[in-house]
Amino acid sequence: MNEWIPVTKLEEIPRLGARKLQAGDLDIALFRTGSDEVFALRDRCPHRGGPLSQGIVHGDAVTCPLHNWKIDLQSGEVQGPDQGCVHSFAVRIEEGVVYLDVASLESAA
Amino acid sequence: MKKQKLILIGNGMAGVRTLEELLKLEAELYDIIVFGAEPHPNYNRIMLSPVLAGEKQVEEIVLNSREWYAENRITLHTGDPVTAIDRKARQITTASGMSASYDRLLLATGSNPFIIPVPGHDLPGVVGFRDIQDVETMLDSARQYKKAVVIGGGLLGLEAANGLKKNGMDVTVVHLMDILMERQLDKPAAALLKASLEEGGLKFLMEAQTEAILGDQRVIGVRFKDGSEIDTDLVVMAVGIRPNTALANAAGLHCERGIVVNDTLQTFDPRIYAVGECVQHRNNTYGLVAPLFEQAKVCANHLAQLGYGRYQGSVTSTKLKVTGIDLFSAGEFNEAEGDETLVLQDPAQGVYKKLVIRDNRIKGAVMYGDTMDGSWYFQLLREATDISSFRNTILFGQHDLGDAGHGEETRVGMLSDEAEICGCNGVCKGEIVNAITSQGLFTLDEVRAHTKASASCGSCTGMVEALLASTVGEGYAATPSKKAVCGCTSYSHDEVRKAISELELKSMPELFDKLDWGTPDGCPSCRPALNYYLLAAWPAEYRDDAQSRFINERAHGNIQKDGSYSVVPRMFGGLCSADDLRAIADVADKFEVPEIKVTGGQRIDLFGVKKEQLPAVWKDLSEAGFVSGHAYGKALRTVKTCVGKNWCRFGTQDSTGLGVKLEELTWGSWMPHKFKLAVSGCPRNCAEATIKDLGVVCVDSGYELHIGGNGGIKVRVTDLLCKVESEQEVLEYTAAFIQCYREEAHYLERTAPWVERVSLNYVKQRVVEDKVGRKALYERFKLSQQYAQVDPWKARAEGAETHEFTPLSIDRMRAAS
């Protein structure tokens, strides 16, 4: 069962940027791409735990600020030759409001 | 959309490399079919010599396995050569009678060994040295027979001779000239090579012209023009290669020595491209692999319909792959009239190095015995670097150029497999060599991606390049002299900067559009560079793009490994008052700062501040009169000073006062890389001014200005720019130097490599000799400072960019709803 709750307005996330979202003890990174899509990943690089919300967003990927690992925003998968995966969460946008599926948080906790 | 059909004729290195480059750019554009005459998948032809010598197995030199073709949905037909091209019907037919149609055709038919048409050239036991089949024939002969003759004392011939010798044969090399490898070596180097090969057991017949190959059923000997004969059981013809143009010729494509192509690798039929050894480009044909890869890149770019990228020919270098022999050659190694030569000769150690110099630029190099610096000389050659400032030590090599801390380590060839090459990522030599051979890597970028070696601070780049060069021989695709900004474009830093000013590009989307950027919004390499270039070109108009800045510059603090930040308030010239110290102490108490440290640049660093706390910390600091210290940015960092004549008994000038003035002039300025200043009050130089980007050393009669130094990875001591008499001149010259660097250096290039690249003379000319130019630079710097000297901390303490520092919270949202 999905449980969508509004988390922010689209305009509150800078284009080609990110916001950190705190859900209890869990830090989530909300990314907004150049084409105004929004993705949510756990705010923790699988390499050395760098905060992905602080990275540079480009295309459908974010590059970790600590050691430049590149992570696909859609799948959370680390891009070529490095390996690993970040937990991703379901988001949708409706009339400029960003909703997060809190049911999907349970599995990450 | 229906996919177009692309056919590749020739399943070799150049053709398949083009496909790889194409797949990187556009994986879905074409249905691809490959026809190869040989029964093998694509293999590394330049590694045939080690296979012949028994140092490698055939399986080890395969570059693309059949699985690779399958994974990329490429249809591969091996052992079935294409016999005809029907350009009207856009169709090809093969030896087995198969036919296929194309929208685009790529010819990569390579070359054939040139077989001298003497009587007996078609006897069994006469082979070329070109493919796996030839190697197998040779190995087979080595098992059954004793004697071999190799005709041709060039690169290929000597490698063949060496291989046969290793297989136990008695080998004689026959050469028409009196110099071995005359296309790569001069006389002294060739003599050293010959002596060394003779010591290894090879025999030579120099200046011998073959008249006939003798034998009935099989070769039994060779006769020369002078009537002498020699017995042999095997003849290897290695006198050269000829571009294989037969198929193209028959199809009516214009061919001369090779298939003639333009700068986009198109033949006279625009649907048909050609790459590799079969082509003739601007009157040159190439038999080495590095140029072929450059061609592949450009050709793929056009096949992907991107339409930028031009192939403009290559300068090549050569290494001989004979174990135990180090030899390097590049460019015009035989001096022409008016050229100068620098020679280092040490017969006892078997070392010979010669550089051909024209107008203080390297035109050619030959090295024997010690080739460690070959790639360095080659780079200087391709980049046409002015060597006047280091020409008296150039023959001793790059490690003689103040490469502190590395010195002997650069001799990677002698290191054991366990030796650590990349200190940042802990990668040792064995891992790198293994990755290069097992993954078929050819470029520095590929090695970085797979091993992480040289991917962090870059100080081991030279060693990794040397490893690449020694592992793959001439297959090593040396970093091209024109370096593209990143993978998103083929334009270089200089070209982009020029376009920004000439086309008046004032925003990033405009730039992406006008310069046909390959990605919709760039990548983490190009965006910060472009943001800087736009800012430097249009200080008044360009709106800084926070999302194109690395996090430190976006958050105006240094991100630490735990995600917290460090805060360094500016203290002009390193001076401070008791009140300043109290204010910093109060902030540290109030925000429970876990650690305080004095920095190398004479400032105070507060560690472990949470990002959310930053605006409040800055507010308190700002109220106490502090501005940002920019310790986090590619920006003016600090002006370090010594005590100066107010207190010091040796001081000649007011170094602290001058330091404060310099910092007041320059703070807030964004730079291509970090920029540090220092002022020492006397030549004892307590402020370490001679390892700064710009250092002032006060003397009794005035001020010496030193430039282009840095500590860090590779220590470089400054060069003396000039001496001036007044403080006002110090300020003006400093600003002019900074502005010249800001306007012309590449992003992430510190002053040290920049000064080495453009030469000290050039900087002197711009900043010292050209008075009008200096004034103009000074004025442009002051103009840009009007916009740059806005304290980013104060602005954020007052509410700018709040979203950057305030996390969202689900619990808060829930409570609100």
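Parameters and conventions
- Residues numbered from 1 in each chain as written.
- Chains lettered and ligands numbered in written order.
- Predicted model: local features only at pLDDT ≥ 70, side-chain atom pairs only at ≥ 80, totals over all residues.
- Heavy atoms only, no water.
- Helix = DSSP H or I, 4+ residues; strand = E, 2+ residues; numbered from the N terminus.
- Buried < 20%, exposed > 50% of the residue type's maximum accessible area, 1.4 Å probe, protein only.
- Contact = heavy atoms within 4.5 Å.
- Areas by Shrake-Rupley, 256 points an atom, 1.4 Å probe, with all protein chains shown as cover.
- Lys, Arg positive; Asp, Glu negative; His and termini not counted.
- Charge placed at Lys NZ, Arg CZ, Asp CG, Glu CD.
- Buried area = accessible area lost by both parts, 1.4 Å probe.
- Salt bridge = Lys/Arg side-chain N within 4 Å of Asp/Glu carboxyl O.
- Nonpolar A, V, L, I, M, F, W, Y, C, P; charged D, E, K, R; others polar.
- Pairing = 2+ DSSP bridges.
- pLDDT = per-residue confidence, 0-100.
- Arc of directions from axis to C-beta.
- Phe/Tyr/Trp six-rings, centres within 6.5 Å; stacked < 30°, edge-to-face > 60°.
- Lys NZ or Arg CZ within 6 Å of the ring centre and 35° of its normal.
- Core = buried A, V, L, I, M, F, W, Y, C linked by side-chain atoms within 4.5 Å.
- Domains from an automatic or database assignment.
- Axes fitted to C-alpha atoms, helices over the stretch in contact; angles between N-to-C directions.
- Parallel < 35°, antiparallel > 145°, perpendicular 65-115°, else oblique.
- Left-handed = near helix turned anticlockwise from the far one by under 90°.
- Disulfide = S-S within 2.5 Å.

Trainee: Help me out: how do you make sense of the overall build of chain B in this one?
Mentor: From N to C terminus, chain B includes 26 helices and 37 strands. Each principal axis of the C-alpha distribution contributes one length, and for chain B these read about 105 × 75 × 50 Å. Counting only residues that meet the buried cut, chain B has 54% of its 817 residues in that class. Relative to all contacts within chain B whose residues are 6 or more apart in sequence, the contacts with residues 24 or more apart total 62%. Surface summary for chain B: the accessible area is close to 34,900 Å², and the carbon and sulfur share equals 49%. Each charge class in chain B can be summarised by its mean position, and for the 91 positive and 109 negative side chains these summaries are 3 Å apart.

Trainee: Please clarify how unusual backbone geometry should be interpreted in this entry.
Mentor: A negative phi holds for most residues other than glycine; trans holds for most peptide bonds. Residues and elements named next belong to chain B. A positive phi angle, near 50 degrees, is found at R90, a position not held by glycine. Structurally, R90 can be placed in the loop between β4 (82–86) and β5 (91–94). For M181, which is not glycine, the phi torsion reads 45 degrees and is therefore positive.

Trainee: Explain the interface of chain A and chain B to me, please; I cannot follow it from the model alone.
Mentor: By a frequent convention, interface size equals the accessible area lost on bringing the separate parts together. At the interface, 35 residues of chain A touch 32 residues of chain B. Both faces combined, the contact of chain A with chain B buries some 2,600 Å², and carbon together with sulfur accounts for 60% of it. Three residues stand out in chain A for area buried against chain B, namely R19, Q54 and I56 of chain A, and they jointly supply 25% of the buried area on that side. Here chain A is connected to chain B by one salt bridge. A salt bridge links K20 of chain A to E612 of chain B, with the shortest nitrogen-to-oxygen separation between them at 3.9 Å. Every element with two or more residues in the side of chain A that touches chain B is listed here: β1 (4–9), β2 (17–23) and β5 (56–58) of chain A. The dominant element in the side of chain A that touches chain B, judged by the number of residues it contributes, is β2 of chain A, at six residues. Residues that form the side of chain A that touches chain B fall into these classes: 18 nonpolar, eleven polar and six charged. Taken together, the two bridges between β2 of chain A and strand β37 (residues 808–809) of chain B define a ladder with parallel strand orientation. Its bridge partner lying in β37 of chain B, Q22 of chain A is registered against S809 of chain B.

Trainee: Would you explain the confidence of the model for chain A in this entry?
Mentor: In low-pLDDT regions, the fine details of the predicted coordinates are not to be read closely. Mean pLDDT for chain A: 90, with 97% of residues reaching 70 or above. For chain A, helix α1 (residues 103–106) of chain A is the element with the lowest average pLDDT, namely 78, and strand β4 (residues 38–42) of chain A is the one with the highest, namely 96.

Trainee: I would appreciate a short explanation of helix α21 (residues 751–758) of chain B in the present structure.
Mentor: Because an α-helix packs 3.6 residues into every turn, residues spaced three or four apart end up facing the same way. Residues and elements named next belong to chain B. All buried positions along α21 are accounted for by T751, A752, W754 and V755. Taken around the axis of α21, the buried residues stretch over an arc of 165 degrees, which confines them to a single face. In the core, the buried residues of α21 are packed alongside β33 (675–680), β35 (702–707), β36 (719–724), α20 (727–744) and α22 (760–769). With its phi angle positive at about 85 degrees, S759 sits one or two positions after the end of α21.

Trainee: Hey, could you run me through the packing of aromatic side chains in this one?
Mentor: Both the distance between ring centres and the angle between the ring planes are used here to describe each pair of aromatic rings. Residues and elements named next belong to chain B. One pass over the structure, following the stated rule, counts 13 aromatic pairs over all chains. For the pair F512 and W517, a centre-to-centre distance of 5.7 Å together with 45 degrees between the ring planes defines the contact as tilted. Given the relative accessible area of 10%, F512 is considered buried. Between the aromatic rings of F675 and F737, the centroid separation amounts to 6.3 Å while the plane-to-plane angle is 55 degrees, which identifies the pairing as tilted. Linking F675 in strand β33 with F737 in helix α20, this pair joins segments that are 62 residues apart in sequence. In this pair, the class of F675 matches that of F737, namely buried. Seen from the ring of F650, R684 lies directly overhead, with NZ or CZ sitting 3.8 Å from the centre.

Trainee: Mind showing me how you'd approach the nonpolar core here?
Mentor: If you look at soluble globular proteins, the nonpolar side chains tend to sit buried side by side. Residues and elements named next belong to chain B. Core analysis: the biggest nonpolar cluster contains 112 residues, and I92, L107, L164 and L193 have the highest contact counts within it. Split by domain, the residues of this core number at least three in each of domain 1 (4–111 + 243–303) and domain 2 (126–239). Residue contacts for L164: discarding those within four places in its chain leaves L52, M138, A148, V150, M169, V171, L234 and V236. Listed in part, the 49 residues of the second largest apolar core include L505, L530, W670 and Y747.

Trainee: Teacher, can you tell me more about the domain arrangement of chain B here?
Mentor: Residues and elements named next belong to chain B. You can read the domains of chain B as domain 1 (4–111 + 243–303), domain 2 (126–239), domain 3 (493–549) and domain 4 (554–792). Relative placement of domain 3 and domain 4: their C-alpha centres are 26 Å apart. Contacts between the two partners involve 14 residues from domain 3 and, on the opposite side, 14 residues from domain 4. Between domain 3 and domain 4, roughly 1,300 Å² of surface is buried when both sides are summed, and carbon and sulfur atoms account for 56% of that area. It is Y532, P539 and R549 that lose the most area in domain 3 upon contact with domain 4, and together they represent 42% of the buried surface on that side.

Trainee: I tried to follow the sheet that holds strand β8 (residues 88–89) of chain A on my own but got confused; where do I start?
Mentor: As a general point, the strands of a sheet are linked pairwise by backbone hydrogen bonds and lie either parallel or antiparallel. One open sheet accounts for five strands, arranged β8(A)-β4(A)-β3(A)-β2(A)-β37(B); its pairing is mixed. Whereas interior strands pair on both sides, the edge strands pair on one side only; in this sheet they are β8 of chain A together with β37 of chain B. Direction of pairing for strand β3 (residues 26–32) of chain A relative to β4 of chain A: antiparallel, over a ladder of five bridges. Directly across from I28 of chain A, in β4 of chain A, lies its bridge partner R42 of chain A.

Trainee: Would you take a moment to explain the sheet that holds strand β3 (residues 74–77) of chain B for this structure?
Mentor: All names here are of chain B. Spatial strand order, β3-β2-β1-β7-β19: five strands in an open sheet with parallel pairing. Two strands bound the open sheet, and with one partner strand each, they are β3 and β19 (272–274). Strand after strand, the sheet turns through a mean of 20 degrees between neighbouring axes, direction not considered. Sheet analysis places strand β7 (residues 104–107) next to β19, joined by three bridges and oriented parallel. In the strand pairing of β19, L106 is matched with Y273.

Trainee: Sorry if this is basic, but what is going on with the pattern of salt bridges here?
Mentor: When their charged atoms lie close together, side chains carrying opposite charge are able to pair. Residues and elements named next belong to chain B. In the structure shown here, the tally under the stated rule is 55 salt bridges over all chains. D103 is the salt-bridge partner of R90, the closest N and O atoms lying 3.5 Å from each other. Linking R90 in the loop between β4 and β5 with D103 in the loop between β6 (99–101) and β7, this pair joins segments that are 13 residues apart in sequence. Here E340 ties to R391 by a salt bridge, and the two come within 3.2 Å at their closest N and O atoms. Pair noted here: E340 is in strand β23 (residues 340–346) and R391 is in the loop between α9 (374–382) and β26 (420–422), with a separation of 51 residues, a long-range link. Exposure remark for E340: the relative accessible area of 35% places this residue in the partly exposed category. What you see here is one network of salt bridges that share partners, running through R17, E20, E21, K24, K297 and E446.

Trainee: Whenever I open this one, the packing of helix α10 (residues 429–439) of chain B against helix α12 (residues 461–472) of chain B confuses me. Can you help?
Mentor: Each pair of packed helices can be described by the angle between their axes along with the distance between the axes. All names here are of chain B. Where α10 meets α12, the closest approach of the two axes is 10 Å, and the angle between their N-to-C directions is 50 degrees. The angle between α10 and α12 falls in the class oblique. For the pair α10 and α12, the sense of crossing is right-handed. Here K429, I432, V433, I436 and T437 of α10 come into contact with α12, specifically with V464, L467, L468, T471 and V472. Considered class by class, the residues forming the contact of α10 with α12 number seven nonpolar, two polar and one charged.

Trainee: Mind showing me how you'd approach the side chain of N552 of chain B here?
Mentor: With respect to the helices and strands, N552 of chain B occurs in helix α16 (residues 551–555). N552 of chain B has contacts with G557, N558, I559 and Y632 of chain B, leaving out every residue within four places of it along the chain.

Trainee: In this structure, what is going on with the state of the cysteines? I would like to understand it.
Mentor: Defined simply, a disulfide is a covalent bond joining two cysteines at their sulfur atoms. Residues and elements named next belong to chain B. If you walk through the whole model with that rule in mind, you get zero disulfides over all chains. Of all cysteine sulfurs in the structure, the one in C642 sits closest to C576, which takes part in no disulfide; the separation is 16 Å. A relative accessible area of 37% means that C576 is categorised as partly exposed. Not engaged in a disulfide, the cysteine C648 finds its nearest cysteine sulfur in C682; these two sulfurs lie 5.9 Å apart. On the accessibility criterion, C648 (29% relative accessible area) is partly exposed.

Trainee: Looking at this structure, how should I read the pairing of strand β30 (residues 595–598) of chain B?
Mentor: On any regular strand, side chains alternate: one points to one face of the sheet, the next to the other face. All names here are of chain B. As paired elements, β30 and strand β31 (residues 604–609) share four bridges and run antiparallel to each other. From the neighbouring strand, E595 faces β31, where its bridge partner is F607. Between β30 and β31, which follow one another and run antiparallel, lie five residues, and Q602 among them has a positive phi close to 65 degrees.

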